[in-house]
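In case you want the letters, here they are:
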Amino acid sequence: MSKLLQDVVGELSKLPGVGRRTALRLAIHILRMERDSVAEMTASIDRFRNEVKYCSQCNNLSDEEVCPICADRERDHATICVVEQVADVLSVENTRQYRGMYHVLGGVISPMQGISPSDLKIDLLCDRIARGGVKEVIIAISTSVEGETTLFYLMNRLRQFPGLKVTSIARGIGFGDELEYVDELTITHALLNRREIDPA
Ligand SMILES: [Zn+2]
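Residues numbered from 1 in each chain as written. Predicted model: local features only at pLDDT ≥ 70, side-chain atom pairs only at ≥ 80, totals over all residues. Heavy atoms only, no water.

Things to note about the overall build of the protein chain
No. 1: When helices and strands are counted, the protein chain shows eight helices and seven strands.
No. 2: Reported as C-alpha extents along the three principal axes, the dimensions of the protein chain are approximately 65 × 35 × 35 Å.
No. 3: Each of the 200 residues in the protein chain was classed as buried or not, and the buried ones make up 37%.
No. 4: The contacts of the protein chain with a sequence gap of at least 6 include a subset with a gap of at least 24, amounting to 55%.
No. 5: Charge-centre separation for the protein chain: the mean point of 24 positive side chains lies 1 Å from the mean point of 29 negative side chains. (Helix = DSSP H or I, 4+ residues; strand = E, 2+ residues; numbered from the N terminus. Buried < 20%, exposed > 50% of the residue type's maximum accessible area, 1.4 Å probe, protein only. Contact = heavy atoms within 4.5 Å. Lys, Arg positive; Asp, Glu negative; His and termini not counted. Charge placed at Lys NZ, Arg CZ, Asp CG, Glu CD.)

Structural data, given as structure tokens:
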């Protein structure tokens, strides 16, 4: 096999969900593309990796210091939906039912994977709430053991804000593990049926 082909297959198969067979198919496809299109593609990946920022308020991906959602004055700044990943913001946005803010934690607490609360943007969330104006925090993270641990930890941290309503999206109604893979109708339903978490 061509060394050049081997290299590109090796690089492409570093991507999640791309095995060597798929990587080979993609490589052959790239070979059939216009040179300009390939250059555009690689330049775009490069720009994305080097230039994209994290929003200083919500930790969502952003081209600017503050993302378009946080900068949108028409949206409800009193409600923050806490999610694990950037992809979850897109999932909820796709429902077109939610007009509040987001907060991207950047993962869930996982002692197994060495992810502790300090690795997540929890302090940033608390700072945001401490500045005032936030009435409700909706926790929309996965129902995995790690998700539950994170939910419990967040509840404890948020208890310092008296009067803050903390809700969780409806769980156990066929809501899958990863928000990313759940369809829009289910997310909408889960958001509408969110429940206040008892400060036990
Ligand atoms: Zn933002």
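With respect to the pattern of salt bridges
No. 1: Per the counting criterion, the structure on display carries six salt bridges.
No. 2: We note a salt bridge from lysine 14 to glutamate 11, for which the minimum N-O separation is 2.9 Å.
No. 3: On the accessibility criterion, lysine 14 (61% relative accessible area) is exposed.
No. 4: Notably, a salt bridge pairs arginine 194 with glutamate 136, separated by 2.6 Å at the nearest N-O pair. Taken together, the residues span a long stretch of sequence, with arginine 194 in the loop between helix H8 (184-192) and strand S7 (195-196) and glutamate 136 in strand S5 (residues 136-139) at a distance of 58 residues.
No. 5: Assessed through its relative accessible area of 31%, arginine 194 is described here as partly exposed. (Salt bridge = Lys/Arg side-chain N within 4 Å of Asp/Glu carboxyl O.)

Re the domain arrangement of the protein chain
Interface size is often expressed as the accessible area that is lost when the parts come together.
No. 1: In terms of domain boundaries, the protein chain breaks down into domain 1 (3-51) and domain 2 (75-196).
No. 2: Taken over C-alpha atoms, the centre of domain 1 sits 34 Å from the centre of domain 2. (Domains from an automatic or database assignment.)

Here we look at the environment of leucine 158
No. 1: Among the structural elements, leucine 158 can be located in helix H7 (residues 145-158).
No. 2: Placed 15 residues apart in sequence, leucine 158 and threonine 143 show a C-alpha to C-alpha distance of 19 Å.
No. 3: The residues touching leucine 158, leaving out its near neighbours within four places in the chain, are Leu125, Ile129, Val137, Ile139, Leu164 and Val166.

A word on the coordination of the zinc ion
No. 1: Listed as protein donors to the zinc ion are Cys55 (SG), Cys58 (SG), Cys67 (SG) and Cys70 (SG); their distances from the metal cover 2.3 Å.
No. 2: Relative to the metal, the four donor atoms surrounding the zinc ion lie at angles of 106 to 116°, and the coordination shape comes out tetrahedral.
No. 3: Read in sequence order, the donor residues coordinating the zinc ion give the pattern C-x2-C-x8-C-x2-C. A residue pair is termed long-range when its members are at least 10 positions apart, and cysteine 58 in the loop between strand S1 (53-54) and strand S2 (61-62) and cysteine 70 in helix H4 (residues 68-71) qualify at 12 residues. (Donors = N, O, S within 2.8 Å, 3.2 Å for Na, K, Ca; no water. Tetrahedral: all angles 85-135°; square planar, octahedral: opposite > 155°, others 65-115°.)

What to know about the state of the cysteines
No. 1: Applying the stated criterion to the full structure yields zero disulfides.
No. 2: Not part of a disulfide, cysteine 81 finds its nearest cysteine sulfur in cysteine 58, a span of 11 Å.
No. 3: In this model cysteine 126 remains outside any disulfide bridge; the closest cysteine sulfur is found in cysteine 58, 15 Å from its own. (Disulfide = S-S within 2.5 Å.)

A few points about the nonpolar core
No. 1: In this structure, Ile129, Val137, Ile139, Leu154, Leu158 and Leu164 are the most contacted members of the largest nonpolar core, which totals 41 residues.
No. 2: Elements that contribute at least two residues to this core include exactly H4, strand S3 (76-83), helix H5 (86-95), strand S4 (100-104), helix H6 (122-130), S5, H7 and H8.
No. 3: Apart from residues no more than four positions distant in its own chain, isoleucine 139 is found in contact with Val82, Leu151, Leu154, Leu158, Val166, Thr167, Ser168, Ile169 and Ile197.
No. 4: Ranked by size, the runner-up nonpolar core spans five residues in total, among them Val9, Val18, Ala23 and Ala27. (Core = buried A, V, L, I, M, F, W, Y, C linked by side-chain atoms within 4.5 Å.)

Structural notes on the UniProt feature "zinc finger region: C4-type" (unreviewed entry) in the protein chain
No. 1: As annotated by UniProt and renumbered to match this structure, "zinc finger region: C4-type" (unreviewed entry) occupies residues 55-70.
No. 2: Its end C-alpha atoms 8 Å apart, residues 55-70 is made of 19% helix and 12% strand. (UniProt positions renumbered as here; feature names shortened; annotations may be inferred.)

Details of the side chain of glutamate 84
No. 1: Its place among the elements puts glutamate 84 in the loop between S3 and H5.
No. 2: For glutamate 84, the contacting residues outside a window of four places in its chain are Val104, Leu105, Gly106, Gly107, Val108, Ile141 and Ser142.

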